[in-house]
Amino acid sequence: VPAQKKVIIIENSLTKEVKTLRLPRWPTTYDALRRFVQTLFKDLPPTFSLTYRDPEDDYISVTTSSEFEEAVRLATDLGSNELQIRVGPSLSSVVL
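Here the structure is a predicted model, which means the values were calculated and not measured.

Each value, and the rule that gives it
Residues numbered from 1 in each chain as written. Predicted model: local features only at pLDDT ≥ 70, side-chain atom pairs only at ≥ 80, totals over all residues. Heavy atoms only, no water. Helix = DSSP H or I, 4+ residues; strand = E, 2+ residues; numbered from the N terminus. Contact = heavy atoms within 4.5 Å. Buried < 20%, exposed > 50% of the residue type's maximum accessible area, 1.4 Å probe, protein only. Phe/Tyr/Trp six-rings, centres within 6.5 Å; stacked < 30°, edge-to-face > 60°. Lys NZ or Arg CZ within 6 Å of the ring centre and 35° of its normal. Expected span 1.5 Å × (residues − 1). Arc of directions from axis to C-beta. Pairing = 2+ DSSP bridges.

Draft legend 1. Representation of the environment of V87. Among the secondary structure elements, V87 is positioned in strand β5 (residues 82-89). For V87 and P24, which are 63 residues apart along the polypeptide, the C-alpha to C-alpha distance reads 22 Å. Non-local contacts of V87, meaning those with residues more than four positions away in its chain, are made with I10, E11, N12, S13, L14, V37, F41, L44, F48, S49 and L50.

Draft legend 2. Structural view of helix α1 (residues 30-40). Of the positions making up α1, those classed as buried are Y30, A32, L33, R34, V37 and L40. Against the buried residues of α1 lie β1 (6-12), β2 (17-23), β3 (48-53), β4 (59-62), α2 (65-77) and β5.

Draft legend 3. Focus on the packing of aromatic side chains. A complete count under the given rule lists zero aromatic pairs for this structure. The ring centre of F41 lies 5.5 Å from the NZ or CZ of K19, which sits over that ring. We note R34 situated over the ring of F48; from NZ or CZ to the ring centre the distance is 3.9 Å.

Draft legend 4. Structural detail: α2. Compared with an ideal rise of 1.5 Å per residue, which puts 13 residues at 18 Å, α2 spans 18 Å between its outermost C-alpha atoms and is within 8% of the ideal. For α2, every residue scored as buried is listed here: F68, A71, V72, L74 and A75. One side of α2 holds all its buried residues, which, seen down the axis, span an arc of 155°. Pointing more than 90 degrees away from the buried face of α2 are the exposed residues S66 and D77. On its buried side, α2 packs onto α1, β3, β4 and β5.

Draft legend 5. Quick look at the pairing of β5. Direction of pairing for β1 relative to β5: parallel, over a ladder of six bridges. Counted as the bridge partner of I10 is I85 from β5.

Put into structure tokens, the structure is as follows:
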């Protein structure tokens, strides 16, 4: 039985563009995820934020590999092959 493909859904909230991809595996580190996102969305600003949707439908910031590993762990623990990532403006540029 072939391994089930991983699905990554990446929403660019800056342009409202959404990409859904089936991959043999998810990126393994935060830096790999950022590089992957940059190849998908060529006109991203130099700084941008990444968040993932947790089981309670909250968006959680991802700024380190351990935070990204937590996103993958949550998806895996739920038996999901789907990971939802949102690309947004740099957190330092957001005014509250």
